[in-house]
Amino acid sequence: MKVYLDNSATTALDEHALAAMMPYFTEKFGNPSSLHAYGREASAAVDAARDKIASLIGARANEIYFTSGGSESDNWALKGAVRAARGTRKHIITTAIEHPAIMETCEYLEKNEDVNVTYLPVDKDGRVSVEDLKSAVTDDTVLVSVMFANNEMGAIQPIAEIGAFCKEEGILFHTDAVQAMDSQKIDVNALNIDMLSMSAHKFHGPKGIGVLYIRSGVRLARLIAGGHQERHMRAGTTDTPLIVGMADALETACRDREKNNARISALRDAFIKRVTEGIPYVHLNGGTEHRLPNNVNFSFEFIEGESILINLDLAGIAVSSGSACSSGSLEPSHVILALGVPEELAHSSIRFSLGRDTTEEDMEYTYKVLKESVEKLRAISPLFNMEKGTGSYV
Ligand SMILES: *Cc1c(COP(=O)(O)O)cnc(C)c1O
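For clarity, every value in this text was computed on a predicted model and none was experimentally measured.

A. Structural view of the overall build of the protein. Secondary structure assignment for the protein yields 14 helices and 12 strands. Overall size of the protein, expressed as C-alpha extent along the three principal axes, is 75 × 50 × 35 Å. Once local pairs closer than 6 in sequence are excluded, the contacts in the protein between residues at least 24 apart make up 74%. Accessible area of the protein: about 16800 Å², with a carbon and sulfur share of 52%. With 39 positive and 54 negative side-chain charges, the protein shows a separation of 4 Å between the mean positions of the two kinds.

Written out as structure tokens, the structure reads:
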């Protein structure tokens, strides 16, 4: 049996989106910037996709900028805002649990462009406090960047409150909404979002395409210089098929949002209940209330997350330990540590990210294999054999 529970790393391409894309690889291959019929045909498809994506988030078409994905959108929002301020304001407020695309961009700006960054802490459920944000603001603050929902433990942030506060203070507000697009209802005006990053491959669109929404009037320096694509703001030949596929996939995701959320969150809750009741010395990372419908993240005492991952993989089950980007390193996840989880437990964290194709049988099988793997690994763990009987060592 094969079970894919790594939908936060990437998703399968939607069949309908693939069919929509196909003609733009072959007979409709024109460059949308060309003035002839080939170009006009491609450019009409890009316009339609732009309109569609804009309307799905309550934006205007001229506020949608296509990029190569979530990482580029995040880089652009941060570097672009700092550089457009030309040294007049050099303080960014973000969180301790951002994706590496934000984290490493902040570190780059601190090292190379003399920027100060405040990393807001989170509570045990993984949420930032709006009060902490308010007290972090200074006259020097140029941008607040808080992710919509976390990719590792699924915490959904108080975006509406943060947006309202930033608007009142006249501070730019960017959100990395890559993990939120398919399950959260997002209206950039209602939420007072100035910039928003998304990535198609996280909602069953193609890889290598994303959007940065930029509210009109926001001043942002370019990241990629060259041709005049994207209204002179982002150079590079427009990728018609990927753009068409992204818009189609987002439309499907938004259309099915409520139905998918209800079904997937029920599977999630049943799995959480079963694991916490059926496997001893297990901890749920992140809270239960403001949590993405598809996210489950557990730490299993006395075992390395990696060992569980390998055992599940041998049984055909795909999960993730830490985040896909940081696995391979021996460092425990900065996100799980930020929850206040001790280092040993952070090392033992496993993410199960469900998706629209996940079935009850998938979760049944996963539970069975997981329970066996944990028992097997603990049986050979010296720590477990030393400590068991005395209860939890945490
Ligand atoms: C996947 C992800 C990204 C990066 O997106 P890419 O399109 O893969 O570059 C950024 N932020 C979050 C929260 C993500 O989950």
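Now, onward.
B. Looking closely at the site of the ligand. If you check the shell around the ligand, you find 13 residues, and the closest are Ser71, Asp176, Gln179, Ser199 and Lys202. Between Ser71 and the ligand, the recorded distance is 2.7 Å, taken from a side-chain N or O atom to an oxygen atom. Between the ligand and Lys202 there is a distance of 2.8 Å, counted from an oxygen atom to a side-chain nitrogen or oxygen. When the ligand is considered free in solution it has 380 Å² of accessible area, and contact with the protein chains removes 87% of it. With 3 residues, the single largest contributor to the shell around the ligand is helix α3 (residues 70-84). Residues that form the shell around the ligand fall into these classes: 2 nonpolar, 8 polar and 3 charged.

C. Structural context of the pattern of salt bridges. Counted under the stated rule, the structure contains 15 salt bridges. Asp114 is paired through a salt bridge with Lys90; the nearest N and O atoms lie 3.8 Å apart. With a gap of 24 residues between them, Asp114 in the loop between α4 (100-112) and β4 (116-120) and Lys90 in the loop between α3 and β3 (91-95) connect regions that are remote in the sequence. A salt bridge links Asp125 to Lys124; the shortest N-O distance between them is 3.5 Å. On the basis of relative accessible area, Asp125 is assigned to the partly exposed category, the value being 30%. Lys124 sits in the exposed class, given a relative accessible area of 62%.

D. Looking closely at the packing of helix α10 (residues 305-314) against helix α13 (residues 360-379). Contact geometry for α10 and α13: axes closest at 10 Å, N-to-C directions at 130 degrees. Of the possible angle classes, the one that applies to α10 and α13 is oblique. Viewed along their axes, α10 and α13 form a crossing whose handedness is right-handed. Between α10 and α13, the residues in contact are Ser307, Ile308, Asn311 and Leu312 and Val369, Leu370, Ser373, Val374, Lys376 and Leu377, respectively. Tallied by class, the residues present in the contact of α10 with α13 amount to 6 nonpolar, 3 polar and 1 charged.

E. Looking closely at the state of the cysteines. Inspection of every chain in the model, using the stated rule, returns 0 disulfides. Of the cysteine sulfurs around Cys106, a residue in no disulfide, the closest is that of Cys166, at 14 Å.

F. The arrangement of a nonpolar patch on the surface in detail. On the surface, Leu13, Leu18, Met22 and Phe25 cluster together to form a nonpolar patch covering roughly 340 Å² of accessible area. Assignment of secondary structure puts Met22 in the loop between α1 (15-21) and α2 (37-56). Residue classification places Met22 among the partly exposed residues on the basis of a relative accessible area of 43%.

G. Structural detail: the packing of aromatic side chains. Enumeration according to the criterion identifies 8 aromatic pairs in this entry. Each ring, one from Phe271 and one from Phe352, has its centre 5.0 Å from the other, and the planes form 65 degrees; the classification is edge-to-face. Residue Phe271 is found in helix α9 (residues 257-278), and its partner Phe352 is found in strand β12 (residues 349-353); the two are separated by 81 residues along the sequence. Phe271 gets classed as buried once you look at its relative accessible area, which sits at 2%. Ring pairs connect the aromatic residues Phe271, Phe298, Phe300 and Phe352, which therefore count as one cluster. The ring centre of Tyr65 lies 4.2 Å from the NZ or CZ of Arg231, which sits over that ring.

H. Structural detail: the environment of Asp239. Assignment of secondary structure puts Asp239 in the loop between α7 (229-232) and α8 (240-255). Sequence-wise, Asp239 and Ile209 are 30 residues apart; in three dimensions their C-alpha atoms are separated by 8.3 Å.

I. Fine view of unusual backbone geometry. Despite not being glycine, His204 has its phi angle at roughly 70 degrees, a positive value. Mapped onto the elements, His204 comes out in the loop between β7 (195-199) and β8 (210-214). A positive phi angle is found at His232, which is not glycine, with a value near 70 degrees. Its place among the elements puts His232 in helix α7. The class for His232 is partly exposed, based on a relative accessible area of 46%.

Conventions used here
- Residues numbered from 1 in each chain as written.
- Predicted model: local features only at pLDDT ≥ 70, side-chain atom pairs only at ≥ 80, totals over all residues.
- Heavy atoms only, no water.
- Helix = DSSP H or I, 4+ residues; strand = E, 2+ residues; numbered from the N terminus.
- Contact = heavy atoms within 4.5 Å.
- Areas by Shrake-Rupley, 256 points an atom, 1.4 Å probe, with all protein chains shown as cover.
- Lys, Arg positive; Asp, Glu negative; His and termini not counted.
- Charge placed at Lys NZ, Arg CZ, Asp CG, Glu CD.
- Near = heavy atom within 4 Å.
- Polar contact = N/O pair within 3.5 Å; in protein donor to acceptor, adjacent residues only side chain to side chain.
- Nonpolar A, V, L, I, M, F, W, Y, C, P; charged D, E, K, R; others polar.
- Salt bridge = Lys/Arg side-chain N within 4 Å of Asp/Glu carboxyl O.
- Buried < 20%, exposed > 50% of the residue type's maximum accessible area, 1.4 Å probe, protein only.
- Axes fitted to C-alpha atoms, helices over the stretch in contact; angles between N-to-C directions.
- Parallel < 35°, antiparallel > 145°, perpendicular 65-115°, else oblique.
- Left-handed = near helix turned anticlockwise from the far one by under 90°.
- Disulfide = S-S within 2.5 Å.
- Patch = residues over 30% accessible without salt bridge, like charges linked within 9 Å, V, L, I, M, F, W, Y side chains within 5 Å.
- Phe/Tyr/Trp six-rings, centres within 6.5 Å; stacked < 30°, edge-to-face > 60°.
- Lys NZ or Arg CZ within 6 Å of the ring centre and 35° of its normal.

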